[in-house]
Amino acid sequence: MAGKRRTGRRVKIHRSYTVDEVASLLSVAKGTVRRWLKTDLYCLDDQRPTLILGQDLKTFLDGRRKSKQICRPEECFCMSCKAPRNAAFGEVEYNPMTASGGNLRALCNVCSTVMHKRISAGGLEVLRSILTVTVPQVETPISKRTPTCTNDHLKRS
Ligand SMILES: [Zn+2]
């Protein structure tokens, strides 16, 4: 075996799996697999025991990995809700970091947690047509920059 692979790669798309097999293949609890079956994981429901197509399992795993990152243009990922959320009052604040992009700040419309998101200048233009985008003063002191910025050390010299 050649080292560690991402779990999705272990799934063979041309075979089918029982709940037990999926659990041991991915090193998760059987209860977890059953929970997936109640949400976005498809199975062959006229079969007993329940059979899950490898292709469906792979699609599900790929989707889960991506859904952590991908939100619609008007959404940010809320760390409290653990889900993409719309900005409260349809308002976001844009902090330009470079000429080509920056950070968005918005409040979750469900729990009011502050959400952050990287956005490109092009993405910002799309956003302006959907939401109210406010841009704070350009001369923001470094200490007030959003904590998600990891490039601060480049600007201090
Ligand atoms: Zn929230």
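Since we're looking at a predicted model, the values are computed, not measured. (Residues numbered from 1 in each chain as written. Predicted model: local features only at pLDDT ≥ 70, side-chain atom pairs only at ≥ 80, totals over all residues. Heavy atoms only, no water.)

### Comments concerning the coordination of the zinc ion
Those protein atoms acting as donors to the zinc ion are Cys78 (SG), Cys81 (SG), Cys108 (SG) and Cys111 (SG), and they sit at 2.2 to 2.3 Å. Read in sequence order, the donor residues coordinating the zinc ion give the pattern C-x2-C-x26-C-x2-C. Here Cys81 falls in the partly exposed class, since its relative accessible area comes to 22%. (Donors = N, O, S within 2.8 Å, 3.2 Å for Na, K, Ca; no water. Buried < 20%, exposed > 50% of the residue type's maximum accessible area, 1.4 Å probe, protein only.)

### A word on the side chain of Glu74
Relative to the helices and strands, Glu74 resides in the loop between α4 (54–67) and β3 (75–78). Setting aside its immediate chain neighbours within four residues, Glu74 contacts Arg85, Asn86, Ala87, Leu127, Ile130 and Leu131. (Helix = DSSP H or I, 4+ residues; strand = E, 2+ residues; numbered from the N terminus. Contact = heavy atoms within 4.5 Å.)

### Section: unusual backbone geometry
For Lys82, which is not a glycine, the phi torsion comes out positive at approximately 55°. With respect to the helices and strands, Lys82 occurs in the loop between β3 and β4 (83–98). Given a relative accessible area of 65%, Lys82 falls into the exposed group. The residue Ser112 is not glycine, and still its phi comes out positive at about 65°. In this fold, Ser112 is placed in the loop between β5 (101–108) and β6 (114–120).

### Points about the packing of aromatic side chains
Within this structure, the stated rule accounts for 1 aromatic pair. Measuring from ring centre to ring centre gives 5.1 Å for Trp36 and Phe60, while their planes differ by 50°; the resulting arrangement is tilted. Here Trp36, found in helix α3 (residues 30–38), pairs with Phe60, found in helix α4; they are 24 residues apart in sequence, far enough to count as distant. Accessibility assignment for this pair places Trp36 and Phe60 in one class, buried. The ring of Tyr17 carries Arg15 above its face, with NZ or CZ at 4.3 Å from the centroid. (Phe/Tyr/Trp six-rings, centres within 6.5 Å; stacked < 30°, edge-to-face > 60°. Lys NZ or Arg CZ within 6 Å of the ring centre and 35° of its normal.)

### Digging into the side chain of Lys117
By secondary structure assignment, the location of Lys117 is in strand β6. Glu75 provides the closest opposite charge to the buried, salt-bridge-free Lys117, at an N-O distance of 7.1 Å. Polar contacts involving the side chain of Lys117 include one to the main-chain carbonyl oxygen of Arg72, which spans 3.2 Å. If we ignore the near neighbours within four places in the chain, the residues touching Lys117 are Cys71, Arg72, Pro73, Glu75, Cys76, Gly102, Asn103 and Leu104. (Lys, Arg positive; Asp, Glu negative; His and termini not counted. Salt bridge = Lys/Arg side-chain N within 4 Å of Asp/Glu carboxyl O. Polar contact = N/O pair within 3.5 Å; in protein donor to acceptor, adjacent residues only side chain to side chain.)

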